[in-house]
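Structural overview
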Amino acid sequence: MSEEIIVINPATREEIGKVQKDSQDDIEKKIDLADETFKSFKKLTAYERADLLFKWADKIDKNKEEIAELVTKEGGKPLTEALGEVDYANSYIRYYAEEAKRIYGRTVPSSKENNRIVVTRHPIGVVAAITPWNFPVAMMARKAAPAVAAGNTFIVKPASATPLSAMKFIDLALEAGFDKGVIQYVNASGKDAGEIFTKSDKIMKLTFTGSTAVGKKLMSDASVTVKNVTMELGGHAPLIVHKDADIDKAVEGTIASKFRNSGQTCVCANRLYVHEDVLEEYTEKLTAKVKELKMGNGMEDGVKIGPLIDEDGYDKVMNQLEDAISKGAKVETGGQGNKEAGYFIEPTVLSNVSDDMLCMKEETFGPLAPIQSYSNLDEAVAKANGTEFGLAAYYFTENYATGVYLTDVLDFGVLGWNNGAPSAANIPFGGLKESGVGREGAIEGLEPYTETKVTSINL
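Residues numbered from 1 in each chain as written. Predicted model: local features only at pLDDT ≥ 70, side-chain atom pairs only at ≥ 80, totals over all residues. Heavy atoms only, no water.

Let's talk about the side chain of Thr162
- Along the chain, the position of Thr162 falls in the loop between strand 6 (153-157) and helix 6 (163-175).
- If we ignore the near neighbours within four places in the chain, the residues touching Thr162 are Glu74, Gly75, Pro132, Trp133, Pro136 and Ile309. (Helix = DSSP H or I, 4+ residues; strand = E, 2+ residues; numbered from the N terminus. Contact = heavy atoms within 4.5 Å.)

If you want it as structure tokens, here you go:
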């Protein structure tokens, strides 16, 4: 008898569904199907692939509410956020439906007489993806859409905590007219799927969103077959509020960055550095806004803060909170957790924060906002850059020269200048240092799903 994955609602700790696990044989059969289907799918014209993607997007629009409810029930995020995630995911499908028709080659001037050089781009083959629980449909769409637009077949292993919404998303692709071998899902542990994907000589590219530790393991294993990889890994984002910032704008941006999905995003602001001249005003205004955030079941009206995904996530945030308080941090608001019915932690603002606190040294993944003051901007920059991660950073200043300076000196791949949510389908997304390899979104997110061929022709 095959094993099952039990899906739990983190707001109630109740079972909401069961998913059958795929065995190794099941997964390998799906890889074989993807490999066989690729032979015919790659021959479709770009316009035919674009048409299928647009039809998929239309199906998603018609089923948006159902998908969003699944996202909320299995992941905990408020329904309004879940609806936003579905729209965000669909923006990638529509964007790459257009970009499918813009995969261009070029001719290169030759150094020889009667010789012509032509550069062309071609699909890679079978693409395997492993996606996270915090954005179960958006992260899958951000990988599937460019892969399919380029003419590849695609197989994804969604997170075991949140498989239902991703499965529904892919079922709609089949309803839209995609052959079942073009877009598939498998349900298994990340470890098992990762081993099968990396060892398979039929999978030509692996794309992963998740922790840096797991990403390193996958990259190492994928090197055996020299796979093309895209890795979107961990973050430890700083947020700088300089003395010339618009404080209301800074508070709004902090809320958008820090408390989206209860702080469970890889680009959440984790470390807040605020200039001493505006520290009191910023802290007071941020605290007042955070106190207004309603916590509860994401299916309830007005809820802005849902539960943490599971007990491990809850315990990590509470450990950071308790560590900070024990070392002198002051709780401006929040600070309490309760996991009797669901994994809830109040949105929390801490002041009097020091560098030795865990929340300033490791990624939080929860609704905890620690504030530290600074007097010199270069001091803030040094602390912001003082991490192995380089995914996202945020800064608030109304001075153009200061903003340009921070753009130049902050070692992060995604920068928000007076902007707490700098992400869209038409801009590249990805990190520096140990936060990843490659980019997703925009043309930079399409090219990694293609191979380049050069043909030198003697006339």
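Picking up where we left off.
A few points about the packing of helix 9 (residues 247-258) against helix 10 (residues 279-291)
- Close contact between helix 9 and helix 10 brings their axes to 10 Å; oriented N to C, the two are set at 45°. As summarised for this structure, helix 9 and helix 10 are arranged oblique, according to the angle between their axes. Read as a crossing pair, helix 9 and helix 10 show a hand that is right-handed. Two secondary-structure elements touch here, helix 9 through Ile247, Asp248, Ala250, Val251, Thr254 and Ile255 and helix 10 through Glu281, Tyr282, Lys285, Leu286, Lys289 and Val290.
- Looking at side-chain class alone, the contact of helix 9 with helix 10 contains 7 nonpolar, 1 polar and 4 charged residues. (Axes fitted to C-alpha atoms, helices over the stretch in contact; angles between N-to-C directions. Parallel < 35°, antiparallel > 145°, perpendicular 65-115°, else oblique. Left-handed = near helix turned anticlockwise from the far one by under 90°. Nonpolar A, V, L, I, M, F, W, Y, C, P; charged D, E, K, R; others polar.)

Examining the pattern of salt bridges
- Here the structure, examined in full by the defined rule, presents 31 salt bridges.
- The salt bridge involving Glu69 is made with Lys73; its shortest N-O contact spans 3.9 Å. Of the two residues, Glu69 and Lys73 are both situated in helix 3 (residues 64-75); the distance of 4 residues between them amounts to about one turn of the helix.
- With relative accessibility at 32%, the residue Glu69 sits in the partly exposed group.
- Put simply, Lys285 and Glu281 hold a salt bridge, and the shortest N to O gap is 3.0 Å. Within this pair, Lys285 and its partner Glu281 are both found in helix 10, separated by 4 residues, close to a single helical turn.
- Residues joined in a network through salt bridges with shared partners are Glu98, Glu99, Lys101 and Arg102. (Salt bridge = Lys/Arg side-chain N within 4 Å of Asp/Glu carboxyl O. Buried < 20%, exposed > 50% of the residue type's maximum accessible area, 1.4 Å probe, protein only.)

Examining the pairing of strand 6
- Within strand 6, 5 of the 5 residues are buried, which leaves it mostly tucked inside the rest of the structure.
- Burial along strand 6 is two-sided: Thr153, Ile155 and Lys157 facing one way and Phe154 and Val156 facing the other are all buried.
- Direction of pairing for strand 5 (residues 126-130) relative to strand 6: parallel, over a ladder of 5 bridges. For Ile130, the partnering residue across the bridge sits in strand 6 and is Lys157.
- Crossover strand 5 to strand 6 through helix 5 (residues 138-149) is right-handed.
- Direction of pairing for strand 6 relative to strand 7 (residues 183-185): parallel, over a ladder of 3 bridges. Counterpart to Val156 in the pairing with strand 7 is Tyr185.
- Handedness of the β-α-β unit built from strand 6, helix 6 and strand 7 comes out right-handed. (Pairing = 2+ DSSP bridges. Right-handed = clockwise from strand over helix to strand, strands pointing away.)

Brief notes about the packing of aromatic side chains
- In total, this model carries 8 aromatic pairs according to the counting rule given.
- Residues Trp56 and Phe169 carry aromatic rings whose centres are separated by 5.9 Å and whose planes lie at 65° to one another, so their mutual orientation is edge-to-face. Remark: Phe169 occurs in helix 6 and Trp56 occurs in helix 2 (residues 46-62); sequence separation between them is 113 residues. Assigned by exposure class, Trp56 and Phe169 land together as buried.
- Residues Tyr395 and Trp417 carry aromatic rings whose centres are separated by 6.1 Å and whose planes lie at 35° to one another, so their mutual orientation is tilted. Of this pair, Tyr395 sits in strand 18 (residues 392-396) while Trp417 sits in strand 19 (residues 414-417), and the two are 22 residues apart along the sequence.
- Members of the aromatic cluster, each reached through a chain of ring pairs, are Phe41, Trp56, Phe169 and Phe178.
- Across from the ring centre of Phe429, 4.3 Å away, lies the NZ or CZ of Arg142, which sits over that ring.
- It is Lys433 that lies over the ring of Phe412; its NZ or CZ is 5.7 Å from the centre. (Phe/Tyr/Trp six-rings, centres within 6.5 Å; stacked < 30°, edge-to-face > 60°. Lys NZ or Arg CZ within 6 Å of the ring centre and 35° of its normal.)

Read these as geometric descriptors, not functional statements.
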